[in-house]
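# Architecture and fold: a report
Each chain, written out:
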Amino acid sequence: EEWFRSQVTGLCEEIVVTDDHTKVADMIAKAEPAAIFGTQMERHVGKRLDVPCGVISTPVHIQNFPLTYRPFLGYEGTNQLADLVYNSFTLGMEDHLIEIFGGHDTKEIMS
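Here we summarise the structure given alongside this text. Worth saying up front: this structure is predicted, and the values here are computed from it rather than measured.

### A few points about the overall build of the protein chain
A count of helices and strands for the protein chain gives 5 helices and 2 strands. The secondary structure elements of the protein chain, listed N-terminal to C-terminal, are α-α-β-α-β-α-α. Put simply, the protein chain has 111 residues, and 32% of those count as buried. Partitioning the contacts of the protein chain with sequence separation of at least 6, the portion at a separation of at least 24 is 42%. For the protein chain, the accessible surface area stands at approximately 7,800 Å², while carbon and sulfur atoms represent 57% of it.

### As for the pattern of salt bridges
What the rule picks out here adds up to 1 salt bridge. The salt bridge involving arginine 5 is made with glutamate 1; its shortest N-O contact spans 3.1 Å. Since its relative accessible area comes to 56%, glutamate 1 is described here as exposed.

### A few points about the environment of valine 85
Locating valine 85 in the fold gives a position in helix H4 (residues 74-90). By relative accessible area, which is 49% here, valine 85 ends up partly exposed. It is 7.4 Å that separates the C-alpha atoms of valine 85 and glycine 54, two residues lying 31 residues apart in sequence.

### Things to note about a nonpolar patch on the surface
A surface patch of nonpolar side chains, about 330 Å² in accessible area, is lined by Trp3, Phe4 and Val17. Considering the arrangement of structural elements, one finds phenylalanine 4 in helix H1 (residues 2-8). Here phenylalanine 4 falls in the partly exposed class, since its relative accessible area comes to 40%.

### Brief notes about the packing of helix H2 (residues 21-31) against helix H3 (residues 40-49)
H3 packs onto H2 with a crossing angle of 45 degrees between their chain directions and a minimal axis gap of 10 Å. Looking at the two axes, H2 sits oblique to H3. As H2 packs across H3, the resulting crossing turns out to be right-handed. Packed against H2, whose contacting residues are His21, Val24, Ala25, Ile28 and Ala29, the element H3 presents Met41, Glu42, Val45, Arg48 and Leu49 at the interface. Classifying every residue of the contact of H2 with H3 gives 7 nonpolar, 1 polar and 2 charged.

Calculation rules
- Residues numbered from 1 in each chain as written.
- Predicted model: local features only at pLDDT ≥ 70, side-chain atom pairs only at ≥ 80, totals over all residues.
- Heavy atoms only, no water.
- Helix = DSSP H or I, 4+ residues; strand = E, 2+ residues; numbered from the N terminus.
- Buried < 20%, exposed > 50% of the residue type's maximum accessible area, 1.4 Å probe, protein only.
- Contact = heavy atoms within 4.5 Å.
- Areas by Shrake-Rupley, 256 points an atom, 1.4 Å probe, with all protein chains shown as cover.
- Salt bridge = Lys/Arg side-chain N within 4 Å of Asp/Glu carboxyl O.
- Patch = residues over 30% accessible without salt bridge, like charges linked within 9 Å, V, L, I, M, F, W, Y side chains within 5 Å.
- Axes fitted to C-alpha atoms, helices over the stretch in contact; angles between N-to-C directions.
- Parallel < 35°, antiparallel > 145°, perpendicular 65-115°, else oblique.
- Left-handed = near helix turned anticlockwise from the far one by under 90°.
- Nonpolar A, V, L, I, M, F, W, Y, C, P; charged D, E, K, R; others polar.

Just geometry here; none of it tells us what the structure is for.
What follows is the structure in structure tokens.
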């Protein structure tokens, strides 16, 4: 944690290192961001607050790992990349994560 803090000091207003997802959810709700980039947990917070979220870190949804051929060059590649970005912002809520992080119908701060 000390190394991380030393690397990002001066790049942002506040540094938070925690395993408490409710603290993170509360901070996101208070900040009222236009978009969120993070894990599945942040995506669930975004759904709850009606804020778009791109999943850019593990854990990620299983649908992000198809078992088929996916080119990333040319016309088909453009389609694949567009689908990847679109789906990361629009995937539904998984039941097992709703139990952990709360449902999308809960708008208030959690803690």
